[in-house]
Amino acid sequence: MASSGADAAAYKAVGTLYNALMTALVLGLVTRRGKDTAREYVLRHFRRQHLEKFLPGLKKLGLADQPDAPACALYHYHSNALGGVKTGYLRESDRKAWVRYPPPRWIWRGTAIAAVPHSVSAAMLHGWHGHNGVSLENPGLGFVCTGMTVDGMPGLEGYYFDYGRPLKEEERVRFAYGTEAMPRVDWSAQPKLETASWPEERRLKTFRAYALEYVRTMLPTLQELLGPADTVKELGRVARLVGLQFHEETARDMDLPTDVERGDIVSARDFGRWLSAVMAASGEDVATEEKDGHVLVTLAGWRVARELTLPDPLLAFDAWNELWLGAAAAHDRFLAVQTSRTLGERGWSISWRIAPR
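This part takes up the sheet that holds strand β1 (residues 88-91). In space, the five strands of this open sheet follow the order β1-β2-β4-β3-β5, with mixed pairing throughout. Each end of this open sheet is capped by a strand with a single partner; those strands are β1 and β5 (173-175). On average, each strand axis in the sheet is tilted by 20 degrees relative to the strand beside it, whichever way the strands run. Pairing of strand β3 (residues 141-147) with strand β4 (residues 156-162), which is carried by six bridges, proceeds in the antiparallel orientation. Within β4, the residue paired with Val-144 across the bridge is Tyr-159. Along the sheet face, helix α3 (residues 68-82) touches β1, β2 (96-101), β3 and β4 and points at about 20 degrees away from the line of β2. Helix α4 (residues 118-127) rests against β3, β4 and β5 of the sheet, and its axis sits at about 140 degrees to β5.

What follows is the structure, encoded as C-alpha cells:
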C-alpha cells in the first residue's frame, strides 16, 4: 500500500535532518577543533561504514562475482542511488571503472560546501574507497581521484584501477587532477536496479535507512574520537542548531505550524504531532498521549542506537536529543520540553513532556 503524503513528508524530514546533522557536525569540527580533527572524524566515520557495509552490500547487490574494479564502482553507484544520491558509472575494462558524484553534493548541502577543506573531503575517499582492495584481499586495487567538487570541479569523480601489483598504503588513493576526466556518460543507459518497480513505501524506507546510518555511525565514532563529554559539546551544539534551522522546512512539508509563539496546549499538541511523526518515520515505536495540560511522547526503546556499542549511551542520547529540543524552540519558544531517559536491563525508557511554560 502506498504511503500517504504525510508519511512521505515525515520520511523526507528524517533524511533532511540527519543529512544536515552530518554536514553541521563536520563544519563544526572544522571551525572549533580544526581541519585535522574534522579529517580524522570523516576518515573514521567512512572506514567504520565501509567495514560494516561493503562486503555484505556487494553480495546483496549481486556484485560479488564481478571483477573488483567494476564491482566497487557499481557498488557506489547502486548504493548511493538507493539513498537518493545521483551517481554516474562507467566501465572501461575489467581493471578500470569510473564513479562520479555530480553536484550538488548530498553530504555538503547548499553553501556548506564552501567551508569544506580539501583534506576533509578527501578523508572520505581514504576511509572507504582506498580500503576496498584491502577488504577484497586484492592488494593491487586502488582509487584514482580526478576531481572533487569542494575544489571547484564539476563533481567528485575518479576510477578504481587494478594495478596488478601490491600497493603501498599511500598509493591506495591517488589524486590526478587535470590528467584524466571521466568520459561522457549516457545517463539514459546507466545500469538500473529493480527499485523503479518498488512500492513507494519501500523506497521511502530505504531513503530513511540511508540517512539513519549516518547517525548510527556518528554516535560511536565521535565518542571514540572526542570522548563522551566533548561529544555532547560538539554534536549537541550542532544538533540544536539543526533543529532550530530545519524545523520550519520539515513542519511545513507535513502541513504543521511553526514559529507560533502561543505557549498553549494546542501548540504543545502540534509539536507532539511533528515529533511523533519524525520518530515513527525513523522506525521508532512511538506513542503520544495528552493529560493534565501536557502532551507526552514516549518511545519503546531507541532504535537509532540498537546494537551500537557506545562508550557512554546516556551521553550519546543527550547529544542526539538536542536536535529535538532545538526543533521545539523553533516551533514555539514559549513551550517547555522535559526529557526523561533511562537505560536499564530491559532497555531504554524515553519520553518528552511538552507543555506551556
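Attention now moves to the pairing of strand β8 (residues 335-344). In this sheet, strand β9 (residues 347-356) lies alongside β8 in antiparallel orientation, the contact comprising 10 bridges. Within β9, the position partnered with Ala-336 by the bridge is Ala-355. In this antiparallel pair of consecutive strands, β8 and β9, the connection spans two residues.

Before going further, it helps to spend a moment on the side chain of Thr-258. The topology assignment puts Thr-258 in the loop between α7 (228-253) and α8 (265-281). Within the structure, the side chain of Thr-258 is placed 2.9 Å from the side chain of His-247, a separation counted as a polar contact. Non-local contacts of Thr-258, meaning those with residues more than four positions away in its chain, are made with His-247, Glu-248, Ala-251, Arg-252, Ala-330 and His-331.

Reading guide: rules and limits
Residues numbered from 1 in each chain as written. Predicted model: local features only at pLDDT ≥ 70, side-chain atom pairs only at ≥ 80, totals over all residues. Heavy atoms only, no water. Pairing = 2+ DSSP bridges. Helix = DSSP H or I, 4+ residues; strand = E, 2+ residues; numbered from the N terminus. Axes fitted to C-alpha atoms, helices over the stretch in contact; angles between N-to-C directions. Contact = heavy atoms within 4.5 Å. Polar contact = N/O pair within 3.5 Å; in protein donor to acceptor, adjacent residues only side chain to side chain.

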